[in-house]
Amino acid sequence: MPTEITVVVPVYNRAQTVLETLDSVAGQNSAPTGLIVVDDGSTDNSADDVQAWLRAHASVSQSLLIRSKNRGAGAARNLGLQHVTTPWVAFLDSDDLWPADFLARAQQVLASSSELVAATADRRYIDTSGSTISLSSTKGIAANAIQWLFENDGGIASASVMRTDVVRRLGGFSEVLPTGEDSILFHPLSLAGPWRHIPGEPVTYRVGIAASRGEFGNLTSVVSGNHRRWAQIYDDFIMRHGGSKLLPRSVYSRVLARRWFVAGKYSCREEACYCLLRSLSWRFKTQTLWKLARIYLGQRTASSKSSAA
C-alpha cells in the first residue's frame, strides 16, 4: 500500500501561478491522498480560481479549499495542517513545481524506515525565462540533518515530506515571523529522528515568476530585514540547545559569524554595528573588524561635520 501523503498549498494573491503549481500536483504519477489549499486572505481571484480548479480535478484526490484571513505563510500552513489526516504531509509553496515522480520517489524513501521524520529532494532554481539559476543538492541532509540545515538554508519545504505527528508535536510553523518560519521548525525536526534524501529530479523553485505577472512576490524580496532575522533564528537555536551538544563549535561558530556578517552588510549603520559585533563574538575575523571600524569612523566623521555646521 502506498505511503499516504497530504499536500498543503498556501496561497496569497497568486491566481495564475498557483494553478500551475496545482497542475504539478495533478500530474503526479502517484497521486497524493489529499490536497488542501489554504487561501490566506487573497484580494484577487486566487480562491475562486482554485475552487474552480478543484472542481475540474475532482478525481485527483480528496481536496479541500480553506479561506482564511490574511495571517501569513506560517499560519496558512498550520491551518492546513489541522485538517491533515495522513501520516505524512508535504507543504508545497504556490510558485514551486514538482516533477511528475516526486511523490512516488518520496513514498519509496519513506517506506524504507519507520523511524524517519522527513525526506527531502534536490532543488533547482529558475528565473522568469525558465533558465536555471542554480542547482542545490540536499544529499548531505541524510548524513547530518542539523549540520546541513545550519550550513545551507531552511527553504526546503517544497522539496520535503514530513511526518505529520512530529510536525504537530513541535508546534508547526511560527506564525510570528514573516520569513524564517521554516528554519524554526526544521531545526528541532532534524533532532527528532532520521532525515533522508530523495534521489532523482529536483523540485523547481521559480524565482520572481509571480511578481513578474503582477502577483504577490517571493517573501524574501517583499519583506525587509531578512538576513538579521535569519541570523537571530540560528543564534537563538544554538543558545537554547547548547551548541556543542548538537554540532562541533568550529561549525556553528563559523556559520553564525558568517550569518551575522551578512546581516551587517544589509543593515543600516546602527543595526550593522550590532550585527558585526555579534559576528565577532562568534569568530574573530580581520575583515569583520575593519568593516565595523569603517562604520564607526564614518559615524564619527558625520557627527563632527554636523557639529561644525
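Everything below is about the structure shown above.
Read on for an overview of the structure. Just so you know, these numbers come straight off a predicted model, no measurement behind them.

With respect to the helices and strands, the residue serine 281 is situated in helix α13 (residues 269-282). Using a relative accessible area of 41% as the deciding quantity, one classes serine 281 as partly exposed. Sequence separation between serine 281 and threonine 21 is 260 residues, and the spatial gap between their C-alpha atoms is 43 Å. Polar contacts involving the side chain of serine 281 include one to the main-chain carbonyl oxygen of arginine 278, which spans 2.6 Å.

Between helix α10 (residues 226-241) and helix α12 (residues 249-265), the shortest axis-to-axis distance is 8 Å and the interhelical angle comes to 155°. With respect to α12, the axis of α10 lies roughly antiparallel. The handedness of the crossing between α10 and α12 is left-handed. Here His227, Arg228, Trp230, Ala231, Gln232, Tyr234, Asp235 and Ile238 of α10 come into contact with α12, specifically with Tyr252, Leu256, Arg259, Trp260, Val262 and Ala263.

Attention now moves to the pairing of strand β7 (residues 132-136). Looking along a regular strand, one sees the side chains alternate between the two faces of the sheet. The sheet contact formed by strand β6 (residues 118-126) and β7 spans four bridges and is antiparallel. Each residue of the ladder has a partner; that of arginine 124, found in β7, is leucine 135. Taking the residues that link successive antiparallel strands as the turn, the β6-β7 hairpin has five residues, and the phi of glycine 130 there is positive, at about 95°.

Between helix α7 (residues 181-189) and α10, whose axes approach to 10 Å, the crossing angle comes to 30°. Considered as vectors, α7 and α10 are oriented roughly parallel to each other. When the axes of α7 and α10 are compared, the crossing they make is right-handed. Here α7 contributes Ser183, Ile184, His187 and Pro188 to the contact with α10, which in turn contributes Ile233, Tyr234 and Phe237. Its residues assigned to classes, the contact of α7 with α10 comprises five nonpolar, two polar and no charged.

Of all nine residues in helix α4 (residues 102-110), seven are buried; the element is thus mostly enclosed. The complete set of buried residues in α4 reads Phe102, Leu103, Arg105, Ala106, Gln107, Val109 and Leu110. In the core, the buried residues of α4 are packed alongside β1 (5-11), β4 (88-91), β6, β8 (160-163) and β9 (195-206).

Quick look at α12 now. Across its 17 residues, α12 extends 24 Å between first and last C-alpha, which sits within 8% of the 24 Å expected from 1.5 Å per residue. Taken as a whole, α12 has its buried residues at Val251, Tyr252, Ser253, Val255, Leu256, Ala257, Arg259, Trp260, Phe261, Ala263 and Gly264.

Next up on the list: the nonpolar core. One finds Val9, Leu22, Leu35, Val37, Trp98, Phe102 and Val161 to be the most contacted residues of the largest nonpolar core, which totals 31 residues. Residue assignment for this core shows that the elements contributing at least two residues are β1, α1 (17-26), β2 (34-40), α2 (46-56), β4, α4, β6 and β9. Looking at this core element by element, the count peaks at five residues for α4. Ignoring anything within four residues of it in the chain, the contact list for tryptophan 98 reads Val7, Ser24, Val25, Gln28, Ala90, Leu92, Leu103, Ser158 and Val203. With 26 residues, the next largest nonpolar core counts Val38, Leu79, Val117 and Val167 among its residues.

With that settled, the discussion passes to the packing of aromatic side chains. Applying the stated rule across the entire model yields ten aromatic pairs. Measuring from centroid to centroid gives 5.1 Å for tyrosine 125 and tyrosine 205, while their planes differ by 45°, and the two rings are tilted. With tyrosine 125 in strand β6 and tyrosine 205 in strand β9, this pair connects stretches of sequence that are 80 residues apart. Each member of the pair, tyrosine 125 as well as tyrosine 205, is classed as buried. Ring centres 6.2 Å apart and planes at 75° place the aromatic pair phenylalanine 173 and phenylalanine 186 in the edge-to-face group. Here phenylalanine 186 lies in helix α7 and phenylalanine 173 lies in the loop between α6 (164-169) and α7, a separation of 13 residues in the sequence. A single burial state applies to phenylalanine 173 and to phenylalanine 186, both of which are buried. Here the aromatic residues Phe91, Phe173, Phe186 and Trp195 are joined through ring pairs into a cluster of three or more. Just above the ring of phenylalanine 173 sits the side chain of arginine 77; from NZ or CZ to the centre is 4.6 Å. The side chain of arginine 259 reaches across the aromatic face of tyrosine 234, ending 3.9 Å from its centre.

Conventions used here
Numbering of residues starts from 1 in each chain and follows the order in which that chain's sequence is written. Local features in a predicted model are, by the rule used here, given only for residues with pLDDT of at least 70; side-chain atom pairs are given and counted only at 80 or more, and totals for whole chains, interfaces and linings are based on all residues. Side-chain measures were taken over the full set of non-hydrogen atoms in the model, leaving aside hydrogen atoms and water. Put simply, DSSP marks the helices as runs of H or I at least four residues long and the strands as runs of E at least two long, and each gets a number from the N terminus on. Exposed residues in this analysis have more than 50% of their type's maximum accessible area, buried residues have under 20%, and partly exposed residues fall in between, with area computed by a 1.4 Å probe over protein chains only. Polar contacts, as used here, are pairs of N or O atoms within 3.5 Å; protein pairs need one atom able to donate a hydrogen and one able to accept it. Residues neighboring in sequence count only if both atoms are side-chain atoms. Helix axes use the C-alpha atoms of the stretch in contact, all axes being lines fitted to C-alpha atoms, and the angles between their N-to-C directions lie in the range 0 to 180 degrees. Put simply, angles under 35 degrees are roughly parallel, angles over 145 are roughly antiparallel, angles from 65 to 115 are roughly perpendicular, and the rest are oblique. With the far helix as reference, a near helix turned anticlockwise by less than a right angle produces a left-handed crossing, and one turned clockwise produces a right-handed crossing. Should any heavy atoms of two residues lie within 4.5 Å, those residues are considered in contact. Between any two strands, pairing holds if DSSP finds at least two bridges. Basically, the charged four are Asp, Glu, Lys and Arg, the nonpolar ten are Ala, Val, Leu, Ile, Met, Phe, Trp, Tyr, Cys and Pro, and anything else, Gly included, counts as polar. One fewer than the residue count of a helix, multiplied by 1.5 Å, yields its expected span. Buried residues of nine kinds, namely Ala, Val, Leu, Ile, Met, Phe, Trp, Tyr and Cys, make up a nonpolar core once their side-chain atoms join them within 4.5 Å. Two aromatic rings, drawn from Phe, Tyr or Trp (for Trp, its six-membered ring), form a pair once their centres lie within 6.5 Å of each other, and the interplanar angle then sorts them: stacked below 30 degrees, edge-to-face above 60, tilted otherwise. A positively charged side chain is recorded as over a ring if its NZ (Lys) or CZ (Arg) lies within 6 Å of the ring centre. The angle to the ring normal must also be within 35 degrees.

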